[in-house]
Amino acid sequence: MTKKVLSVALVAAMVGSMTCAVSAADYAGMKIEIVSKGFQHQYWQAVKKGAEEKAEELGCTINFVGPNSESDYADQVQMLNAAINSEPSAIGLAALSTETCLDSIKDAQSKNIPIIGFDSGVPGAPEGAIVANAATDNYAAGELAAEKGYEAIKDKIDAAEAPVRIGVLAQDAVSESVMNRGLGFIDKMAELTGGVKLEGNDAYVNGATCENKDDAKVIIETLVPSQVTSELSAIDCQTLLNKDDIICIYGSNQHSAEAMVTGDENYGRLGNDVVGIGFDSGAVTKAAVASGQFLGAITQAPVAMGAKVVELACAAAAGETVEDVDTGCQWYTAENMEDPEIAQNLYD
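This write-up is about the structure you can find in this document. Note that the coordinates shown come from a computational prediction; the quantities given were computed from them, not determined experimentally.

**Quick notes on the overall build of the chain**
Item 1. Along the backbone of the chain there are 12 helices and 13 strands.
Item 2. Against the 2.2 N^0.38 benchmark of 20 Å for 348 residues, the chain shows a C-alpha radius of gyration of 20 Å, consistent with a compact globule.
Item 3. Each principal axis of the C-alpha atoms in the chain carries an extent, and together these give about 65 × 40 × 35 Å.
Item 4. A buried classification covers 56% of the 348 residues belonging to the chain.
Item 5. For the chain, the exposed surface amounts to about 14000 Å²; the carbon and sulfur share of it is 47%.
Item 6. Separation of charge centres in the chain, based on 22 positive and 51 negative side chains, amounts to 2 Å.

Take a look at the structure:
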């Protein structure tokens, strides 16, 4: 589970009002390099938007980059090395894999370049290399998805005469954010249902803290594609939809949620006999929620996250003490997605 420094409730009240002790003028001329996980999803564009807006406010400059695919580990390492070689004031990093970035992180640390982790952060980095993280508490977000999903499937579970199946679609088993969203969902669903049998990807089966019960009334099957492509993830969704005992599918990020929509095109089961739960926003996921194909989805606060990365990076570069910030999450449905508090975090 990611480290909780500020509670979700506290962050909701503070994230818009927190300011650094040093005035914006003290940040003028600072250069912040931001290396994201990718550019292919609208989520990262929303993070970029928040970062650009905060940079303009603080008077610093940023360079926001990311690989074309979230499986392009080597490309991200090259971008991180280029960022370090540009001698920035600080770096924001959402690591696809800490292991592949490790040498670069050590290089930045040796050059006294502070790194701010964001989104999934940089788990397992050398002590002191990552001075703070700006991220959703992804485990808690997964728990929230399970709580909302359970409300919709509880009666079906109670009435079932044979085990029923819940599917988890995850784009990978290496990213801390994606892993924790899946594990939070699995562990909370196990708690709510009284126990589950775990099948599928070994990282999720072995990483869950709940007991794996062979005789449970609920099976949770987690599928991870061999590569992060929409086609392979859609096939994973179809694999689940082809099973008669499936009652719910949860996609733990924008990629997986969109793959659910694609995978269901020739089935039409989501929103009918199978409950669909998404994560993140974007036009495809929002449309699925609005139409009732998805029960709902979890949204992060990507614009606020981007802003917080720049704010923390500037503060760290100025020698200030910085701390981790939980940027929060919300559950949105067709009924509440137009509410101002929710709509501000739904990106296209």
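**Considerations on the sheet that holds strand E8 (residues 218-223)**
Item 1. Spatially, E7-E8-E6-E9-E10-E11-E13 is the arrangement adopted by the 7 strands of the open sheet, whose pairing is mixed. One side of each edge strand has no neighbouring strand; the edge strands of this open sheet are strand E7 (196-200) and strand E13 (330-332). Strand-to-strand twist across the sheet, computed as the mean angle between neighbouring axes with direction ignored, equals 20 degrees.

**Some thoughts on the environment of Lys37**
Item 1. Here Lys37 shows up in the loop between strand E1 (31-35) and helix H2 (42-58).
Item 2. Among all residues touching Lys37, those that are not within four sequence positions of it are Trp44, Pro67, Ser69, Glu70, Gln76, Ala94, Ala95, Leu96, Asp119, Ser120, Ser175 and Ser177.
Item 3. A distance of 2.5 Å separates the side chain of Lys37 from the side chain of Ser175, its partner in a polar contact.
Item 4. Within polar-contact distance, the side chain of Lys37 engages the side chain of Ser177 at 3.0 Å.

**Quick word on the pairing of strand E2 (residues 61-65)**
As a general feature of sheets, a regular strand has side chains that alternate between the two faces.
Item 1. Of the strand pairs in this sheet, E1 and E2 are connected by 5 bridges, and their pairing is parallel. What sits directly across from Val35, in E2, is Val65.
Item 2. For the handedness criterion, the β-α-β arrangement of E1, H2 and E2 is classed as right-handed.

**Things to note about unusual backbone geometry**
Item 1. A positive phi angle, close to 55 degrees, is found at Glu87, a residue other than glycine.
Item 2. Along the chain, Glu87 falls in the loop between helix H3 (73-85) and strand E3 (90-93).

**Here's the deal with the packing of aromatic side chains**
The geometry of an aromatic ring pair comes down to the distance between the two centres and the angle between the two planes.
Item 1. Scanning all chains against the criterion turns up 5 aromatic pairs.
Item 2. Residues Phe185 and Tyr250 carry aromatic rings whose centres are separated by 4.3 Å and whose planes lie at 15 degrees to one another, so their mutual orientation is stacked. Here Phe185, found in helix H6 (residues 176-193), pairs with Tyr250, found in strand E9 (residues 246-251); they are 65 residues apart in sequence, far enough to count as distant.
Item 3. Accessibility expressed as a relative area gives 0% for Tyr250, which makes it buried.
Item 4. A network of ring pairs unites the aromatic residues Tyr43, Trp44, Phe118 and Tyr347 as a single cluster.

**Looking at empty space enclosed by the protein**
Item 1. In total, this model carries 2 cavities of 30 Å³ or more according to the counting rule given.
Item 2. Along the wall of the largest cavity there are 16 residues; nearest its centre are Trp44, Glu70, Arg181, Asn253 and Asp280.
Item 3. Looking at the lining of the largest cavity, the elements with two or more residues in it are H2, H6 and helix H9 (254-263).
Item 4. With 3 residues, H6 is the largest single contributor of residues to the lining of the largest cavity.
Item 5. In the lining of the largest cavity, the residues fall into 3 nonpolar, 8 polar and 5 charged.
Item 6. The wall of the second largest cavity is formed by Lys37, Glu70, Tyr73, Leu96, Gln171, Asp172, Val174 and Ser175.
Item 7. For the lining of the second largest cavity, the residue count by class is 3 nonpolar, 2 polar and 3 charged.

**What about H9?**
Item 1. Of all 10 residues making up H9, 9 are buried, and the element is well covered by its neighbours.
Item 2. Of the residues making up H9, those classed as buried are Gln254, His255, Ser256, Ala257, Glu258, Ala259, Met260, Val261 and Gly263.
Item 3. Buried residues along H9 sit in contact with H2, strand E6 (164-169), helix H8 (230-241), E9, strand E10 (275-279) and helix H10 (283-291).

**Details of the nonpolar core**
Item 1. If you look at the biggest cluster of nonpolar residues, it comprises 36 residues, and the most contacted ones within it are Ile166, Phe185 and Ile220.
Item 2. For this core, the element with the most residues is helix H5 (residues 138-159), which contributes 8 residues.
Item 3. Apart from the residues within four sequence positions on either side, Ile220 is in contact with Ile166, Val168, Ile186, Met189, Val196, Lys197, Leu198 and Glu199.
Item 4. Counting 30 residues, the second-largest nonpolar core is a separate cluster that includes Tyr27, Leu58, Ala132 and Tyr347.

**A short note on the pattern of salt bridges**
Item 1. Inspection of the entire model under this criterion finds 19 salt bridges.
Item 2. Residue Lys154 is joined to Asp158 by a salt bridge in which the shortest nitrogen-to-oxygen separation is 3.0 Å. With Lys154 and Asp158 both in helix H5 and 4 residues apart, the pair spans about one turn of that helix.
Item 3. Residue classification places Lys154 among the partly exposed residues on the basis of a relative accessible area of 35%.

Rules and cut-offs
Residues numbered from 1 in each chain as written. Predicted model: local features only at pLDDT ≥ 70, side-chain atom pairs only at ≥ 80, totals over all residues. Heavy atoms only, no water. Helix = DSSP H or I, 4+ residues; strand = E, 2+ residues; numbered from the N terminus. Rg over C-alpha atoms; globule rule 2.2 N^0.38 Å. Buried < 20%, exposed > 50% of the residue type's maximum accessible area, 1.4 Å probe, protein only. Areas by Shrake-Rupley, 256 points an atom, 1.4 Å probe, with all protein chains shown as cover. Lys, Arg positive; Asp, Glu negative; His and termini not counted. Charge placed at Lys NZ, Arg CZ, Asp CG, Glu CD. Pairing = 2+ DSSP bridges. Axes fitted to C-alpha atoms, helices over the stretch in contact; angles between N-to-C directions. Contact = heavy atoms within 4.5 Å. Polar contact = N/O pair within 3.5 Å; in protein donor to acceptor, adjacent residues only side chain to side chain. Right-handed = clockwise from strand over helix to strand, strands pointing away. Phe/Tyr/Trp six-rings, centres within 6.5 Å; stacked < 30°, edge-to-face > 60°. 1 Å grid on protein atoms, 1.4 Å probe; cavity = no way out; pocket = protein on both sides within 12 Å on 5 of 7 lines; lining within 4 Å. Points joined across faces, edges and corners; volume = space filled by probe spheres on them. Nonpolar A, V, L, I, M, F, W, Y, C, P; charged D, E, K, R; others polar. Core = buried A, V, L, I, M, F, W, Y, C linked by side-chain atoms within 4.5 Å. Salt bridge = Lys/Arg side-chain N within 4 Å of Asp/Glu carboxyl O.

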